[in-house]
Amino acid sequence: MEKYGKRQTYEFCTIRNTMVRLEMIHITETMPDYVHAQSDLLPVSCNRQSDCKHEGIRCIVFDQQGRDPMER
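So, here is what we can say about the structure in this document. In this text, all values refer to a predicted model and were calculated from it rather than measured experimentally.

Some words on the overall build of the protein chain
Link 1 in the chain: Scanning the protein chain from terminus to terminus reveals one helix and three strands.
Link 2 in the chain: In the protein chain, the succession of α and β elements from N to C terminus is β-β-β-α.
Link 3 in the chain: Across the 72 residues of the protein chain, 31% fall into the buried class.
Link 4 in the chain: If you take every contact in the protein chain between residues at least 6 apart in sequence, the share linking residues at least 24 apart comes to 25%.
Link 5 in the chain: In the form shown here, the protein chain has an accessible surface area of approximately 5,300 Å², with 52% of it arising from carbon and sulfur atoms.

Written out as C-alpha cells, the structure reads:
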C-alpha cells in the first residue's frame, strides 16, 4: 500500500545563496511484511519561486507531472 502526501523541507539554494523552503511529494509504502519505507520524491513548490520568476531566473522545482512550473 502506498500513501502520497506533502511535507516541507529546507534546502540551500545556490541561485539565491540562502536557505529556501521546499514542499515535497512524500511517499510512505507498507510492504506485505508491514515494513514501512518513506522517501521524498519531487519538490513541487518553493517559497522563493515567485521571486525567481519575477527576476527571470529558471526554477528547478517540478510539479507532480514532472513539469517545471516556471515554464507555464
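Section: the pattern of salt bridges
Link 1 in the chain: This model, assessed by the stated rule, comprises three salt bridges.
Link 2 in the chain: In this structure, Glu55 and Arg16 form a salt bridge, with 3.5 Å as the shortest nitrogen-oxygen distance. In this pair, Glu55 sits in the segment after helix H1 (49–54) while Arg16 sits in the loop between strand S1 (2–13) and strand S2 (18–30), placing the two residues 39 residues apart along the sequence.
Link 3 in the chain: Between Arg48 and Asp51 there is a salt bridge; the shortest N-O distance is 2.6 Å.
Link 4 in the chain: Residue classification places Asp51 among the partly exposed residues on the basis of a relative accessible area of 29%.

What about the layout of surface pockets?
If a probe the size of a water molecule is rolled over the atoms, the empty space left behind becomes visible.
Link 1 in the chain: Of the voids in this model, the largest pocket is the one considered here, and its volume is about 260 Å³.
Link 2 in the chain: What lines the largest pocket is a set of 17 residues, and nearest its centre among them are Cys13, Val20, Leu22, Ile60 and Val61.
Link 3 in the chain: Residue assignment for the lining of the largest pocket shows that the elements contributing at least two residues are S1, S2, strand S3 (36–46) and H1.
Link 4 in the chain: In terms of residue count, the dominant contributor to the lining of the largest pocket is S1 (three residues).
Link 5 in the chain: Taken together, the residues of the lining of the largest pocket sort by class into eleven nonpolar, two polar and four charged.

Things to note about the pairing of S1
Link 1 in the chain: Sheet topology places S1 next to S2; twelve bridges connect them, and they run antiparallel. Within S2, the position partnered with Phe12 by the bridge is Met19.
Link 2 in the chain: Once S1 ends, the chain turns through four residues before running back antiparallel as S2, passing Asn17 with a positive phi of about 55°.

Here's the deal with the environment of Ile27
Link 1 in the chain: Among the structural elements, Ile27 can be located in strand S2.
Link 2 in the chain: Measuring from C-alpha to C-alpha, the distance between Ile27 and Lys3 comes to 5.6 Å, with 24 residues separating the pair along the chain.
Link 3 in the chain: Aside from chain neighbours lying at most four places away, what touches Ile27 is Glu2, Lys3, Tyr4, Ala37, Gln38, Ser39 and Leu41.

The rules we used
- Residues numbered from 1 in each chain as written.
- Predicted model: local features only at pLDDT ≥ 70, side-chain atom pairs only at ≥ 80, totals over all residues.
- Heavy atoms only, no water.
- Helix = DSSP H or I, 4+ residues; strand = E, 2+ residues; numbered from the N terminus.
- Buried < 20%, exposed > 50% of the residue type's maximum accessible area, 1.4 Å probe, protein only.
- Contact = heavy atoms within 4.5 Å.
- Areas by Shrake-Rupley, 256 points an atom, 1.4 Å probe, with all protein chains shown as cover.
- Salt bridge = Lys/Arg side-chain N within 4 Å of Asp/Glu carboxyl O.
- 1 Å grid on protein atoms, 1.4 Å probe; cavity = no way out; pocket = protein on both sides within 12 Å on 5 of 7 lines; lining within 4 Å.
- Points joined across faces, edges and corners; volume = space filled by probe spheres on them.
- Nonpolar A, V, L, I, M, F, W, Y, C, P; charged D, E, K, R; others polar.
- Pairing = 2+ DSSP bridges.

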